[in-house]
Amino acid sequence: MNPLSHLGAYAHLLRSRIPGARGPAGAASIRLPFNGSPTVATFLHTGFFLGILTADGPCDGLLNIYLQLSAPRRRTDFVNVLPLRFLPTIPPDLLGLTESRDWSAAEIARIGKGGLAGEVIGAMRGGEFLYANIDYFYLPGSAFYARRHFRQSALVVGFDAGAGEFTIACYLKSGLFGLARMPWRLLGEAFHSPLGRARCSEASKADRLNGIRRPAVAGPHAGLDLDAIRWQLADYLNATNEAPRRMANGAIREWCARHDTSTAADTYYGSGIHEGLIATLNATDPAAPGTFDFRITRLVWEHKKMMTLRLRRLSETGAIAIPGLDARWAEVEQAAWSLHFTLVRSASKRERIDRESVVRSVNDMAALERTILGEVLESLQKPET
């Protein structure tokens, strides 16, 4: 790339720091309720709506959707555990947990680069979080700020009129999910930037502006659905994907019938992901731990954390009553964290992976999990009195 192509971008960065207007005319501060440290955030789109839906603690509707682990069987060299996918990746809108709208291309063109900040602030006043694909070159706190043009998703969750800055949920310089602040003048530059698109993995979203809000009235699936949880827990333990077609939840059944074409022949499901994880570890060169995709073990850990919330809620409502459940499940969550930490440490210190020890840890964790969740399922299947 021609180094001169960055000059315009740097000029905008410098202008954004000049004292003066703190935001579009009449703009007031606003901060929408958002959990900046959601339980599941390895992938942005999962972190975004968990941040929205867990701002006041985990909502029952979210706990109904089992975070089913899955991965393709076709490649043993790389188990691509894409987002702890819902059964299947069902949009929260369809369950009445969120509402969303898209700005048309004509509307975005009319608003223009200069009017985008005011449009976003106005939408936030109406309770909408703004989802956009932006050039992280303009995003302070990111690994790409003022260094490299790279487009990725971001969620605008607030505006500070005093500082003239937006609060944005994104991946930070550390690579972890969190909140960053961006001078308001740079939002239009970041959204309309023509650079970084060639490397964008979400090319279809590059020119899309989407508003997401919590519904004013809770949808029909907002309450705790024990039927859905029973079916999905059985699915997880049996490493199957039958629950969406058998549970009473019609929204999930219809979505699966239309969109889920995966089969057990080409996909690891539920607890079967441990088999896929071991296959990946066996295919990884123990002397090159950096080649392992650590998103896999982070997702496994996040899955156990999400299950902690579900088990706690089931206990609170009296749906289950298992003595010592919290302490026993904490061992599973700790085992998942230790697995992830051990592999990340090996990579950071360039130490050889002790593959036999790691595989043993996976098997031990899986066995303990099976025992505990088996008891939970048995308790849930007892006739209600």
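Above: the structure in question.
The structure reproduced in this document is the subject of the present report. The structure displayed is predicted, hence computed values, not measured ones.

**Structural notes on the pairing of strand E4 (residues 129–135)**
Move 1: Where burial is concerned, most of E4 is hidden: seven out of the seven residues are buried.
Move 2: Burial along E4 is two-sided: Phe-129, Tyr-131, Asn-133 and Asp-135 facing one way and Leu-130, Ala-132 and Ile-134 facing the other are all buried.
Move 3: With four bridges connecting them, E4 and strand E8 (residues 209–213) associate as antiparallel partners. By the bridge assignment for E8, Phe-129 is matched with Ile-212.
Move 4: Relative to strand E5 (residues 151–160), E4 runs antiparallel, the two sharing six bridges. Looking at E5, one finds that Leu-130 is bridged to Val-156.

**Section: unusual backbone geometry**
Peptide bonds are mostly trans, and most non-glycine residues show a negative phi.
Move 1: The backbone of Ala-239 sits at a positive phi, close to 55°, despite the residue not being glycine.
Move 2: Summarising the element assignment, Ala-239 is placed in the loop between helix H6 (226–238) and helix H7 (243–246).
Move 3: The class of Ala-239 is partly exposed, set by a relative accessible area of 27%.

**Thoughts on the packing of H6 against helix H10 (residues 295–316)**
Move 1: Packing of H6 against H10 brings their axes to within 13 Å, and their N-to-C directions diverge by 140°. In terms of orientation, H6 and H10 fall into the oblique class. As for the relative orientation of H6 and H10, their crossing is left-handed in sense. Contacts between H6 and H10 involve Leu-226, Ile-229, Leu-233 and Tyr-236 from the former and His-303, Lys-304, Met-307, Arg-310 and Leu-314 from the latter.
Move 2: For the contact of H6 with H10, the per-class residue count stands at six nonpolar, one polar and two charged.

**Describing the pattern of salt bridges**
Should their charged atoms come close, side chains of opposite charge can pair.
Move 1: With the rule as written, the count across this model stands at 15 salt bridges.
Move 2: Notably, a salt bridge pairs Glu-254 with Arg-258, separated by 3.3 Å at the nearest N-O pair. With Glu-254 and Arg-258 both in helix H8 (residues 250–259), this residue pair falls four residues apart, about one helical turn.
Move 3: Taking relative accessible area as the criterion, Glu-254 reaches 46% and is therefore assigned partly exposed.
Move 4: Overlapping salt bridges, with partners in common, bring together Asp-60, Arg-313 and Glu-316 in one network.

**What about helix H5 (residues 184–192)?**
Move 1: Among the nine residues that make up H5, seven are buried, leaving the element largely enclosed by the rest of the structure.
Move 2: Within the sequence span of H5, burial applies to Trp-184, Leu-186, Leu-187, Gly-188, Glu-189, Ala-190 and Phe-191.

**Things to note about the side chain of Glu-302**
Move 1: Relative to the elements of secondary structure, Glu-302 occurs in helix H10.
Move 2: What makes Glu-302 buried here is its relative accessible area of 1%.
Move 3: Within the structure, the side chain of Glu-302 is placed 2.9 Å from the side chain of Thr-42, a separation counted as a polar contact.

**Brief notes about the packing of aromatic side chains**
Each aromatic ring pair is summarised here by two numbers: the centre-to-centre distance and the angle between the ring planes.
Move 1: Taken as a whole and judged by the stated rule, the model has ten aromatic pairs.
Move 2: On the numbers, 5.4 Å between centres and 75° between planes, the contact of Phe-137 with Tyr-138 is edge-to-face.
Move 3: Between the aromatic rings of Phe-159 and Phe-166, the centroid separation amounts to 5.1 Å while the plane-to-plane angle is 50°, which identifies the pairing as tilted.
Move 4: Under the relative-accessibility criterion, Phe-166 is labelled buried at 0%.
Move 5: In textbook terms, an aromatic cluster arises when at least three aromatic residues are bridged by ring pairs, as seen for Phe-48, Tyr-131 and Phe-177.
Move 6: The ring of Trp-103 is capped by Arg-101, whose NZ or CZ atom sits 3.9 Å from the centre of that ring.

Reading the values: the criteria
Residues numbered from 1 in each chain as written. Predicted model: local features only at pLDDT ≥ 70, side-chain atom pairs only at ≥ 80, totals over all residues. Heavy atoms only, no water. Buried < 20%, exposed > 50% of the residue type's maximum accessible area, 1.4 Å probe, protein only. Helix = DSSP H or I, 4+ residues; strand = E, 2+ residues; numbered from the N terminus. Pairing = 2+ DSSP bridges. Axes fitted to C-alpha atoms, helices over the stretch in contact; angles between N-to-C directions. Parallel < 35°, antiparallel > 145°, perpendicular 65-115°, else oblique. Left-handed = near helix turned anticlockwise from the far one by under 90°. Contact = heavy atoms within 4.5 Å. Nonpolar A, V, L, I, M, F, W, Y, C, P; charged D, E, K, R; others polar. Salt bridge = Lys/Arg side-chain N within 4 Å of Asp/Glu carboxyl O. Polar contact = N/O pair within 3.5 Å; in protein donor to acceptor, adjacent residues only side chain to side chain. Phe/Tyr/Trp six-rings, centres within 6.5 Å; stacked < 30°, edge-to-face > 60°. Lys NZ or Arg CZ within 6 Å of the ring centre and 35° of its normal.

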